[in-house]
Amino acid sequence: MSASAKPLLQVQRLSAQFTRDAVVSQVVKGISFDIAAGEAVGFVGESGCGKSVTARAMMRLAPEGSSVELGGVVRFDGQDLLQLREADMCDIRGQRIAMVFQDPMTSLNPVLSVGAQIDDIMRRHTGVSRAQARRRTVELLGLVGIRDAARRSEDFPHQFSGGMRQRVLIAMAVSCQPDLLIADEPTTALDVTVQAQILRLLLRLRQELGMALMLITHDFGVIAGMVERVYVMLDGQIVEAGAVDDIFARPQHAYTRALLDAVPRLESAGRLMP
Amino acid sequence: MTTAAAAGQPVLQVRDLSVVFPARRGNPAVKAVDRVSFDIAPGQTLGLVGESGSGKTTTGRAILQLQSATAGSVKLLGQELTTMPRGDLRRMRRHMQFVLQNPYSSLHPRMTVARILTEPLQVHHSVAPAQMPDRITQLMELVGLEPDMVQRYPHEFSGGQRQRIVIARALAVHPDFVVCDEPVSALDVRTQAQIVELLRTLQDKLGLSYLFIAHDLALVRQVAHRVAVMYGGQLVELGDAAQVYETPAHPYTRSLLDAVPIPDPARQRAKLAAAPPEPEFDQHKDPLGPCVFGEDHGRTGNSTWHVVCPGHGVSCRFWPPAAF
């Protein structure tokens with residue numbers, strides 16, 4: 001990120017502490033980072049490192065049955081999201097910041113057609129008419145590469161394959177032209193060829209819509225071609241941050257090196273472990 | 001090691017294996033596995049790759065006789081399994097074991113590790129009761145776990161440790177052949193590397209043969225001596241790992257290989273920016289399958305197996321294709 005770029009998102013000392021069944025766990029331990037408008041940033045780490053919780057904390061989405069305590073500042077376009085009233089936060093979610101999760105089946109309502117679900121979001125956030133929303137939904141489904149979009153918009157989630165469902169979710173996420181798209185392991189449940197299609201789609205949408213991207217994944221291979229900067233997370237903290245090319249070429253932290261070394265490579269049948 | 005393996009025979013011989021799921025409630029019959037043939041040599045790993053729905057898991061289940069084959073032959077250590085009486089098959093199971101994807105659901109949550117490891121020994125009477133504790137200690141050490149952890153329950157272990165327990169259970173009865181169905185895809189990348197390394201070490205030490213089923217081609221590259229590619233229930237390419245990875249003959253194999261992300265930012269950016277080199281394949285829309293060399297080739301008739309070079313075959317009715 002160049003020094004002149006204005007940060008769209010500026011997170012300072014973000015912490016998240018969960019209490020569940022009287023057990024307190026500090027999952028995010030005061031991390032700071034920023035994302036410029038239109039920038040793509042990757043968050044890499046293993047399960048339990050706090051990368052998904054970071055995204056959910058920013059969006060003030062807590063898992064069910066837990067009480068979460070957030071600390072720090074999440075400054076988005078001039079306002080601190082952690083201080084907003086819930087009603088105002090609802091205007092941010094989906095409209096200014098949208099999310100795509102790993103599992104496209106559980107993120108969709110099984111008893112509503114996918115078109116109706118996208119319509120709803122646009123009508124909630126942008127106040128367009130039913131007819132306008134319908135038109136835009138069909139456009140969006142076409143944009144994410146679903147053929148015969150007008151007819152397919154009437155179909156229910158179970159009538160789509162995993163890759164197609166993820167396209168639907170992406171269409172839904174970009175429907176209100178968000179400034180920031182958070183994609184949390186968006187391709188982890190998908191086949192490798194479908195993964196490549198979804199990655200290309202995300203790149204294209206970023207270009208066409210000019211939105212910033214926060215890509216969360218455990219896979220350095222997925223990160224490689226998608227982002228400009230990377231944050232490496234371990235145990236609720238950011239242990240390394242830098243330009244993606246620098247991180248791959250000259251990882252500084254032992255943990256980053258270990259993660260990179262563990263990525264299997266197509267070219268060599270060499271051993272993964274030292 | 002058994003006599004058949006010692007004589008240089010393949011441990012596993014699969015010939016024209018087919019599994020058809022019959023038509024049900026208006027849905028047409030599904031040829032999940034369609035005339036699949038391959039061998040696995042002693043001490044070697046065959047990587048079976050393909051996308052979800054390609055039939056690779058059903059192939060593994062049909063080999064283990066957990067799914068009955070519609071046609072074809074499966075010989076383990078020279079003995080035909082598909083027609084074997086139940087009692088004999090049960091005894092034969094000592095030679096073939098499996099490791100499944102999810103170490104959270106494949107271990108009984110209310111059984112201690114000691115009981116989990118004892119059960120196969122009892123079923124197959126492979127160890128005298130007095131020797132059980134020693135054998136269990138030995139198994140724990142074999143997979144890199146502390147023997148004094150055996151009184152614990154599965155939930156007290158991490159995902160990687162659980163998969164080690166699953167592997168120990170599979171190895172308890174001294175199998176010759178293990179089906180590993182996506183054994184590491186539920187694990188973190190560093191844990192994946194450790195489990196893959198463990199499987200490889202165990203293979204060297206015990207002379208095991210593996211059928212290693214996975215969708216991750218880069219991972220399969222690390223473990224497989226030979227690689228089989230499945231598409232729409234059929235084998236479209238089979239060869240030594242180096243042949244298949246370095247000179248893939250089938251366009252579907254090439255599209256799979258091309259889709260694997262390269263952990264190198266500059267090269268991966270260039271690849272994503274370029275158009276995919278092969279058309280998109282949809283195995284569900286093209287059940288007759290693997291003839292994808294061109295539209296003229298039509299969708300009828302049987303595919304033929306073409307030898308690219310010794311040990312390396314590709315499925316297509318027209319080989320070499322004019323445009324290749």
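Residues numbered from 1 in each chain as written. Chains lettered and ligands numbered in written order. Predicted model: local features only at pLDDT ≥ 70, side-chain atom pairs only at ≥ 80, totals over all residues.

### Re the overall build of chain B
Point 1. A tally of regular secondary structure across chain B gives 11 helices and 12 strands.
Point 2. Across the 324 residues of chain B, 44% fall into the buried class. (Helix = DSSP H or I, 4+ residues; strand = E, 2+ residues; numbered from the N terminus. Buried ≥ 20, exposed ≤ 12 C-beta atoms within 10 Å, placed from the backbone.)

### Points about the pairing of strand β8 (residues 212-217) of chain A
Residue and element names in this part refer to chain A.
Point 1. β8 sits mainly inside the fold: 6 of its 6 residues count as buried.
Point 2. Along β8, one buried face is formed by Ala-212, Met-214 and Ile-216 and the opposite face, lined by Leu-213, Leu-215 and Thr-217, is buried too.
Point 3. Sheet topology note: the strand β3 (residues 40-44)/β8 ladder contains 5 bridges and is parallel. By the bridge assignment for β8, Val-44 is matched with Thr-217.
Point 4. Relative to β8, strand β7 (residues 180-184) runs parallel, the two sharing 5 bridges. Directly across from Ile-182, in β8, lies its bridge partner Met-214.
Point 5. Following the backbone out of β7, through helix α7 (residues 192-209) and into the adjacent parallel β8, one traces a crossover that is right-handed. (Pairing = 2+ DSSP bridges. Right-handed = clockwise from strand over helix to strand, strands pointing away.)

### What to know about the domain arrangement of chain B
Residue and element names in this part refer to chain B.
Point 1. Taken as a whole, chain B is organised into domain 1 (3-224) and domain 2 (234-324).
Point 2. Counting residues at the interface gives 14 residues for domain 1 and 11 residues for domain 2.
Point 3. Of all the secondary structure elements, the ones that give two or more residues to the side of domain 1 that touches domain 2 are β2 (30-40), β3 (45-49) and α8 (217-223). (Domains from an automatic or database assignment. Contact = placed C-beta atoms within 7 Å.)

### Focus on the packing of helix α4 (residues 113-123) of chain B against helix α5 (residues 132-142) of chain B
Residues and elements named next belong to chain B.
Point 1. The N-to-C vectors of α4 and α5 enclose an angle of 115°; their axes lie 10 Å apart at closest approach. Between α4 and α5, the crossing angle belongs to the class labelled roughly perpendicular. In this structure, α4 crosses over α5, and the sense of that crossing is right-handed. Note on element contacts: α5 touches α4 through Met-132, Arg-135, Ile-136 and Leu-139, opposite Ala-114, Leu-117, Thr-118 and Leu-121.
Point 2. Residues that form the contact of α4 with α5 fall into these classes: 6 nonpolar, 1 polar and 1 charged. (Axes fitted to C-alpha atoms, helices over the stretch in contact; angles between N-to-C directions. Parallel < 35°, antiparallel > 145°, perpendicular 65-115°, else oblique. Left-handed = near helix turned anticlockwise from the far one by under 90°. Nonpolar A, V, L, I, M, F, W, Y, C, P; charged D, E, K, R; others polar.)

### Quick notes on the sheet that holds strand β4 (residues 67-76) of chain A
Point 1. Taken in spatial order, the 4 strands line up as β2-β1-β4-β5 (chain A) in an open sheet, and their pairing is antiparallel. Edge positions in the open sheet fall to β2 (23-36) and β5 (79-80) of chain A, since each of these has one partner strand only.

### A look at unusual backbone geometry
Residue and element names in this part refer to chain B.
Point 1. The phi dihedral of Asp-16 falls on the positive side, at around 45°, and the residue is not glycine.
Point 2. Its location among the elements puts Asp-16 in strand β1 (residues 12-21).
Point 3. We classify Asp-16 as partly exposed; it has 13 C-beta atoms within 10 Å.
Point 4. The residue Leu-77 is not glycine, and still its phi comes out positive at about 50°.
Point 5. If you trace the backbone, Leu-77 turns up in the loop between β4 (71-76) and β5 (79-80).

### Let's talk about the nonpolar core
Point 1. Membership of the largest hydrophobic core comes to 158 residues, with the highest contact counts inside it found for A:Ala171, A:Leu180, A:Leu181, A:Ile223 and B:Phe212.
Point 2. Broken down by element, the residue count for this core peaks at 8 residues, all from helix α6 (residues 162-174) of chain A.
Point 3. Both domains that furnish three or more residues to this core are identified here as domain 1 (3-224) and domain 2 (234-324) of chain B.
Point 4. When neighbours within four sequence positions are excluded, A:Ala171 is seen to be in contact with A:Ile118, A:Leu140, A:Leu141, A:Leu143 and A:Val144. (Core = buried A, V, L, I, M, F, W, Y, C linked by C-beta atoms within 7 Å.)

### Notes on the environment of A:Gln26
Residues and elements named next belong to chain A.
Point 1. Structurally, the position occupied by Gln-26 is in strand β2.
Point 2. We classify Gln-26 as partly exposed; it has 15 C-beta atoms within 10 Å.
Point 3. Each C-alpha atom, one on Gln-26 and one on Val-68, is 9.7 Å from the other, the two residues being 42 residues apart in sequence.
Point 4. Gln-26 has contacts with Ser-15, Gln-17 and Gly-236, leaving out every residue within four places of it along the chain.

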